[in-house]
Amino acid sequence: MQNSKRFNYQEVDSKFLQSNFLPILPINLSRNGKSIEANGLLDTGSTVNLLPYSLGIELGAVWENQMILPKLSGNVGNFEARGIALQAKISDFKTINLVFAWTKSDDVRLLLGQVNFFAEFDVCFFRSQGFFEIKPK
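Parameters and conventions
- Residues numbered from 1 in each chain as written.
- Predicted model: local features only at pLDDT ≥ 70, side-chain atom pairs only at ≥ 80, totals over all residues.
- Heavy atoms only, no water.
- Helix = DSSP H or I, 4+ residues; strand = E, 2+ residues; numbered from the N terminus.
- Rg over C-alpha atoms; globule rule 2.2 N^0.38 Å.
- Buried < 20%, exposed > 50% of the residue type's maximum accessible area, 1.4 Å probe, protein only.
- Phe/Tyr/Trp six-rings, centres within 6.5 Å; stacked < 30°, edge-to-face > 60°.
- Lys NZ or Arg CZ within 6 Å of the ring centre and 35° of its normal.
- Core = buried A, V, L, I, M, F, W, Y, C linked by side-chain atoms within 4.5 Å.
- Pairing = 2+ DSSP bridges.
- Axes fitted to C-alpha atoms, helices over the stretch in contact; angles between N-to-C directions.

Caption draft 1: Representation of the overall build of the protein. Counting secondary structure elements, the protein contains 2 helices and 12 strands. Helices (α) and strands (β) of the protein occur, in sequence order from the N terminus, as β-β-β-β-β-β-α-β-β-β-β-α-β-β. For 137 residues, the compact-globule estimate of 2.2 N^0.38 gives 14 Å, and the protein sits close to it at 15 Å. Along the three orthogonal principal directions, the C-alpha set of the protein runs to about 45 × 35 × 20 Å. Evaluated residue by residue, the protein yields a buried proportion of 46% over its 137 residues.

Caption draft 2: Quick look at the packing of aromatic side chains. Scanning the model with the defined rule gives 10 aromatic pairs in all. For the pair Phe 7 and Phe 132, a centre-to-centre distance of 5.6 Å together with 20° between the ring planes defines the contact as stacked. Taken together, the residues Phe 7 in strand S1 (residues 5-8) and Phe 132 in strand S12 (residues 131-136) connect sequence positions 125 residues apart. No difference in accessibility class separates Phe 7 from Phe 132, as the two residues are buried. A cation over a ring is seen here: Arg 127 above Tyr 9, with NZ or CZ 4.9 Å from the ring centre.

Caption draft 3: Up close: the nonpolar core. By size, the foremost hydrophobic cluster in this structure holds 30 residues, and its most contacted members are Leu 29, Phe 117 and Ile 134. Here this core takes 4 residues from strand S9 (residues 96-103), the largest share from any one element. Of all hydrophobic cores here, the second largest spans 10 residues; its members include Val 12, Leu 50, Leu 72 and Leu 111.

Caption draft 4: A look at the sheet that holds S1. In space, the 3 strands of this open sheet follow the order S1-S12-S11, with antiparallel pairing throughout. Only two strands of the sheet have a single partner each, and these edge strands are S1 and strand S11 (121-126). Neighbouring strand axes in the sheet, compared pairwise and without regard to direction, differ in orientation by 25° on average. Both S1 and S12 contribute to a ladder of 4 bridges, which runs antiparallel. Bridged to Lys 5 within S12 is Ile 134.

Read these as geometric descriptors, not functional statements.
If you want it as structure tokens, here you go:
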């Protein structure tokens, strides 16, 4: 992959997984002058990007001011969600806009899904070798 960046799979503490290594991507998220460093799980099976509640609060978002989204499915199906747009910076790539389903739960991890992370980046997984590469579209 030309102009791509390589990231190692990261070890996570999980009693539910056979493998404790996941494709975790360091990412800087910002909104209205506030920014945070976070780690997002690349999830090709997730339709949307998912933002835990506390991260939105840390970025200064007000829950009641965000657009209500249709009910989510899967593990977060019981939680209300709102739409929120954030600026995202990964490595030395240019800053992009990512749209998240901001869920009113902290029992979820930051997910980077089809809408719109995988619309902005091409990703190649080399799981057996313990790394993945991303390249902006």
